[in-house]
Amino acid sequence: MEQLLFIILSVISVAAALCVIFVRNPIYSVLSLVITFFSIAGHYILLKAQFLAIVNIIVYAGAIMVLFLFVIMLLNLNNTENQEKRSFVSKAIAVVAGGLLLVSLVGLLKGSVLTPTTGGISSDDIGTVQRLGKVLFTDFVLPFEISSILFLSAIIGAVMLGKKDLKDH
Amino acid sequence: MEIFLLDKTIVVVIVFLITLLIAMYSTWAERKVAGFIQDRIGPNRAGIFGILQPLADGVKMFMKEEIIPTQADKALFIMAPGISMLTALLTSSVIPWGSYLEINGRQVMMQITDINIGMLYIFAVVSTGVYGIMIGGWSSNNKYSLMGALRASSQMISYELALGLALISVIMMTETLSLKSIVEYQAINGWNIIYQPLGFLIFFICALAECNRTPFDLPESEAELIGGYHTEYSSMKLGLFLFAEYVNMFISGAIMSALFFGGYNLPFHEELSTVFSHNTLAILGTVSFMLKTFTFIFIFMWIRWTVPRFRYDQLMHLGWKILLPLAMFNVVATGTVILIKMLW
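For clarity, every value in this text was computed on a predicted model and none was experimentally measured.

### Digging into the overall build of chain B
Thought 1: Helix and strand counts for chain B come out as 14 helices and two strands.
Thought 2: Oriented by its inertia axes, the alpha-carbon framework of chain B measures out at about 65 × 50 × 45 Å.
Thought 3: Counting only residues that meet the buried cut, chain B has 54% of its 344 residues in that class.
Thought 4: At a minimum sequence separation of 6, the contacts of chain B that also span at least 24 residues come to 78%.
Thought 5: Distance between charge centroids for chain B: 7 Å, based on 20 positive and 23 negative side chains.

### Some thoughts on the overall build of chain A
Thought 1: Along its length, chain A carries six helices and zero strands.
Thought 2: Reading the secondary structure of chain A in the N-to-C direction produces α-α-α-α-α-α.
Thought 3: Per-residue burial over chain A gives 20% buried out of 169 residues.
Thought 4: For chain A, contacts bridging at least 24 residues in sequence account for 58% of all contacts bridging at least 6.
Thought 5: Surface accessibility of chain A: about 12,600 Å² in total, with carbon and sulfur atoms responsible for 74%.

### Describing the interface of chain A and chain B
Thought 1: With 24 residues of chain A at the contact, the number on the chain B side is 22 residues.
Thought 2: Of the roughly 2,000 Å² buried at the junction of chain A and chain B (both faces included), carbon and sulfur atoms supply 79%.
Thought 3: For the chain A face of the interface with chain B, the top three residues by lost area are Ile54, Phe70 and Met73 of chain A, together amounting to 27%.
Thought 4: Viewed at the interface, chain B and chain A are joined by zero salt bridges.

### With respect to the pattern of salt bridges
All names here are of chain B.
Thought 1: Taken as a whole, this structure holds four salt bridges over all chains when the rule is applied.
Thought 2: In this structure, Asp57 engages Arg31 in a salt bridge whose closest nitrogen and oxygen atoms are separated by 2.9 Å. Within this pair, whereas Asp57 is found in helix H2 (residues 53–63), its partner Arg31 is found in helix H1 (residues 2–37), the two being separated by 26 residues in sequence.
Thought 3: On the accessibility criterion, Arg31 (35% relative accessible area) is partly exposed.
Thought 4: Ionic pairing is found between Arg311 and Asp313, a salt bridge with its closest N-O pair at 2.9 Å.
Thought 5: Using a relative accessible area of 45% as the deciding quantity, one classes Asp313 as partly exposed.

### Brief notes about the nonpolar core
Thought 1: Residues Tyr131 and Phe203 of chain B are the most contacted members of the largest nonpolar core, which totals 108 residues.
Thought 2: Top element by residues in this core is helix H11 (residues 235–260) of chain B. It accounts for 15 residues.
Thought 3: Apart from the residues lying within four places of it in its own chain, the contact partners of Tyr131 of chain B are Leu31, Val34, Ala61, Met65, Val66 and Leu69 of chain A together with Ile83 of chain B.

### Side note on the packing of aromatic side chains
Residues and elements named next belong to chain B.
Thought 1: Under the counting rule described, the total for this entry stands at 17 aromatic pairs over all chains.
Thought 2: Both rings, one in Phe200 and one in Phe260, keep their centres 5.3 Å apart while their planes meet at 65°; by these two values the pair is edge-to-face. Of the two residues, Phe200 sits in helix H9 (residues 197–210) while Phe260 sits in helix H11, which places them 60 residues apart along the sequence. Each member of the pair, Phe200 as well as Phe260, carries the same accessibility label: buried.
Thought 3: Ring centres of Tyr233 and Phe241 lie 4.9 Å apart, and the angle between their planes is 85°; this geometry places the pair in the edge-to-face category.
Thought 4: Three or more aromatic residues link up through ring pairs in this structure, and these residues are Trp191, Phe200, Phe203, Phe204, Phe260, Phe261, Phe296 and Phe300.

### Quick look at the pairing of strand E2 (residues 106–109) of chain B
All names here are of chain B.
Thought 1: Across four bridges, strand E1 (residues 100–103) lies against E2 in antiparallel orientation. Bridged to Tyr100 within E2 is Met109.
Thought 2: Linking E1 to E2, which pair antiparallel, is a turn of two residues; within it Asn104 sits at a positive phi near 55°.

### Examining the side chain of Thr36 of chain A
Residues and elements named next belong to chain A.
Thought 1: Secondary-structure assignment places Thr36 in helix H2 (residues 26–46).
Thought 2: Judged by relative accessible area, which is 8%, Thr36 ranks as buried.
Thought 3: In this structure the side chain of Thr36 is engaged in a polar contact, spanning 2.7 Å, whose partner is the backbone oxygen of Ser32.
Thought 4: If we ignore the near neighbours within four places in the chain, the residues touching Thr36 are Ser13, Ala16, Ala17 and Val20.

### Things to note about the environment of Ile171 of chain B
Residues and elements named next belong to chain B.
Thought 1: Along the chain, Ile171 turns up in helix H6 (residues 143–174).
Thought 2: A relative accessible area of 15% places Ile171 in the buried class.
Thought 3: If we skip the residues at most four places from it in the chain, Ile171 touches Met119, Thr176 and Leu177.

### What about a nonpolar patch on the surface?
Thought 1: A cluster of nonpolar side chains, Leu152, Ile155, Ile156, Val159 and Met160 of chain A, forms an exposed patch at the surface whose accessible area comes to about 470 Å².
Thought 2: Within the secondary structure, Val159 of chain A is located in helix H6 (residues 141–162).

So, how was this worked out
Residues numbered from 1 in each chain as written. Chains lettered and ligands numbered in written order. Predicted model: local features only at pLDDT ≥ 70, side-chain atom pairs only at ≥ 80, totals over all residues. Heavy atoms only, no water. Helix = DSSP H or I, 4+ residues; strand = E, 2+ residues; numbered from the N terminus. Buried < 20%, exposed > 50% of the residue type's maximum accessible area, 1.4 Å probe, protein only. Contact = heavy atoms within 4.5 Å. Lys, Arg positive; Asp, Glu negative; His and termini not counted. Charge placed at Lys NZ, Arg CZ, Asp CG, Glu CD. Areas by Shrake-Rupley, 256 points an atom, 1.4 Å probe, with all protein chains shown as cover. Buried area = accessible area lost by both parts, 1.4 Å probe. Salt bridge = Lys/Arg side-chain N within 4 Å of Asp/Glu carboxyl O. Core = buried A, V, L, I, M, F, W, Y, C linked by side-chain atoms within 4.5 Å. Phe/Tyr/Trp six-rings, centres within 6.5 Å; stacked < 30°, edge-to-face > 60°. Pairing = 2+ DSSP bridges. Polar contact = N/O pair within 3.5 Å; in protein donor to acceptor, adjacent residues only side chain to side chain. Patch = residues over 30% accessible without salt bridge, like charges linked within 9 Å, V, L, I, M, F, W, Y side chains within 5 Å.

Such coordinate-based values are descriptive only and should not be taken to indicate function.
Here it is in structure tokens:
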């Protein structure tokens, strides 16, 4: 049952992820990315990380992708003719960037060995909010607080950029 | 295992049918309430008191000509009403409609699933609810539709935050994310509305905005945008969009009565359990839950036919500068009270 679900979810997520890059229309790209996020959330649930799954949907599918869609609709990036006129330089840069990503991924995964999950890790309540909250506020309290400060500064920065005239305030 | 799946399937089908039935009759009730408020009679031709009006409306919707604009994005145009309906119906799976029934010694829960992240699930579904409207508005290839879609999405994003924060204070009090546990908490400690009046008020206003109901119906404001995101839609596709709004209304009414008004709990439960059997009591509880939900649907309609629409800047001002700080204040105040109680 779990294996079957895993196969179905994997097929959906890989197919949708490929759609993101190969589809010409940016709106379809964004929508396939949303489908990818949903199937990845399904994978999280299979790994018993329900909280992570639902947060993935709330943050990525629910907020960030809506903003993406918003921007693409407003800019109306629908004319596909622009894509033919890419200069040689931008293509070369894209190839180099993609190659670097590949190299770093290969370097990262080269030494790693796939270890089967031990009994302690896959206990049923591993991904619950209670467990996660306890860990976040005891063992990982410093990184947690630092990331919250990072978010705060990002919010303040966004507000400052959003203000048209700073001298009024 | 098979029995369990069968039980769940039956519960899912029943919840689905009841949701659709109630949404159907909400359209009729809306017109009756509008008639009452505007001193008219309302629909009264089809059946007694116009009771068959929803059926007549449905047949009319199906019979109408289907028009797809030539410049529209056909696939997305067809998909959008379905997505709207899907996200509207998804939330009903975590709402506890009642306690359990005892059938042949088995306990059958009157809830599709009681996941331990029920509240977060509701957030997630609410936050994806905007896709149907956005896709519908964009794919119509009409500037009024696009305007409506943009308004809808910015409105929903703005009010989602205050909605979430209003719920966080409830979660802090009940210390659980499961809706069933929240309802059971209220059986012991009294309704949440007593402790969270401000939270409820914020939630109620945000629920109005999330359902795109007046005074927050700017996405479809007919005077300025013709029909907003569904300008180009006709026939049953339009019907699905409008229907999704009524499903949303019913679901948010149900969530409000579950979170703030005790859900399916009955007063004097101890005394009543000596008189009635368990099953009767469970069904009575469900009936009381439905009555609370209907009250909210009625209030939604009452507001629609009484209050005029907001201006766009007023809407944003209310969402970001009034509701969001109030909700944050509510979270801090709840936290302070909990802390004082713990130290006591």
